[in-house]
Amino acid sequence: MSLITLENVSKDFVVLNRREGLMGSLKDLFSGDYRTIRAIDDISLTINQGEVIGLLGPNGAGKSTAIKIMTGVMQLTSGNVVIDGMDPFRQRKVYSKNIGVVFGQRSQLWWELPVVESFKLFKEVYQVTDQEYQENMKMFSRITDIDNLLFRQVKTLSLGQRMLCEIIASMIHSPKILFLDEPTIGIDVMIKSKIRSLIKELNIQKKITVILTTHDMSDIDALCKRIVIIDHGVLVYDGDIDKVKESYSGFRTIKVELKQETEPNMFCDEMIKEYGNRVEVSECDDGWIEVEVITENVFLKVFNTILKSQFIKDVKSEDLSTESVVKKIYENPDLYSIKSKLF
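Below, the structure is looked at part by part.

Cut-offs applied
- Residues numbered from 1 in each chain as written.
- Predicted model: local features only at pLDDT ≥ 70, side-chain atom pairs only at ≥ 80, totals over all residues.
- Heavy atoms only, no water.
- Helix = DSSP H or I, 4+ residues; strand = E, 2+ residues; numbered from the N terminus.
- Contact = heavy atoms within 4.5 Å.
- Areas by Shrake-Rupley, 256 points an atom, 1.4 Å probe, with all protein chains shown as cover.
- Lys, Arg positive; Asp, Glu negative; His and termini not counted.
- Charge placed at Lys NZ, Arg CZ, Asp CG, Glu CD.
- Pairing = 2+ DSSP bridges.
- Axes fitted to C-alpha atoms, helices over the stretch in contact; angles between N-to-C directions.
- Core = buried A, V, L, I, M, F, W, Y, C linked by side-chain atoms within 4.5 Å.
- Buried < 20%, exposed > 50% of the residue type's maximum accessible area, 1.4 Å probe, protein only.

Some thoughts on the overall build of the protein chain
Then comes step 1: For the protein chain, the helix and strand inventory stands at 13 helices and 13 strands.
Then comes step 2: The principal-axis extent of the C-alpha atoms belonging to the protein chain is close to 70 × 55 × 50 Å.
Then comes step 3: When contacts within the protein chain are restricted to residue pairs at least 6 apart in sequence, long-range pairs at least 24 apart make up 71% of them.
Then comes step 4: If you sum the accessible surface of the protein chain, you get close to 18300 Å²; carbon and sulfur atoms cover 49% of it.
Then comes step 5: Each charge class in the protein chain was averaged separately, 44 positive and 50 negative side chains, and the resulting centres sit 4 Å apart.

If you want it as structure tokens, here you go:
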């Protein structure tokens, strides 16, 4: 039996058609001119215990709305949601004891108090035993080296340190499900590494199910085997991240190092003249030129052309990054929602 089940879930918002200016604002006070926006459109999804799911989509796609529905914060318009045998919205008092939630832009820690005091507060709220609390804190300390932050006021922490503490606070009561909405936005590499290690360890040791929304594809590569992509409220892909990469085997990236005397524009013009919109050519921060083959079945032709070019010093071929693959699905949701059914 699935831990999380969404069946034909939709969510509508009714918003006022606002007018410009002061007079427009006054008229809006008495206006009945409303429109309906569908944020989530007929989504069906099942998630098993112990899965780590990457919930992806462009800004405004409906990811946060989906998270709010699954956490019981928001009531759906139509459809059915059952998580751990409960309706998240109607049974949210009982349901909330079994989940942990972190929204990247909102804090659950007490700003003026030391971090440990917030942890102790959550211990009491969730009625965690002394033994379980101590065991969890030892595990958190071993994985993330959190001890040096426990007695600092929350307001003195860096963004990365605070987000690490936010995630630990959401795990004090050992929930079955952890919802993370943009947890690593603006965070440095070292803290990201600690957060990823913590999530991996909790998933392995306690079989915690993790739903992660992020724009950082390195988080997805490090943590997720399955991704769910939403665009304009519609589910356009649900499946194994490796399988969706395999579907782009005809799309690859070629990196080129030019001879010292060569202007990058000369090489770029040569490639565009030969292949037009079948390739995308750009300069990398490391000084190399990146040629992304964006049309299937022309990779070998492009590669051979580059090898024959008088401008190149070195060349290497790479698979498309996860970020590039997801970008292509964003750009062609109709095509890849059909293709996803083949996996």
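Remarks on the sheet that holds strand E2 (residues 34–47)
Then comes step 1: With antiparallel pairing, the 3 strands of this open sheet are ordered in space as E2-E1-E4. Looking at the sheet topology across the chains shown, the edges are occupied by E2 and strand E4 (78–83). Each strand axis lies, on average, 30° off the axis of its neighbour in the sheet, ignoring direction.
Then comes step 2: The pairing of strand E1 (residues 4–16) with E2 spans 10 bridges and is antiparallel. Following the sheet pairing, Leu16 is matched in E2 by Tyr34.

Things to note about the nonpolar core
Then comes step 1: Membership of the largest hydrophobic core comes to 51 residues, with the highest contact counts inside it found for Phe119 and Phe140.
Then comes step 2: Per-element accounting of this core gives the leading share, 6 residues, to helix H6 (residues 159–170).
Then comes step 3: Every residue in contact with Phe140, bar those within four places of it in the chain, is listed here: Asp145, Ile146, Ile168, Met171, Ile172, Leu198 and Leu202.
Then comes step 4: Listed in part, the 26 residues of the second largest apolar core include Val9, Leu55, Ile67 and Ile83.

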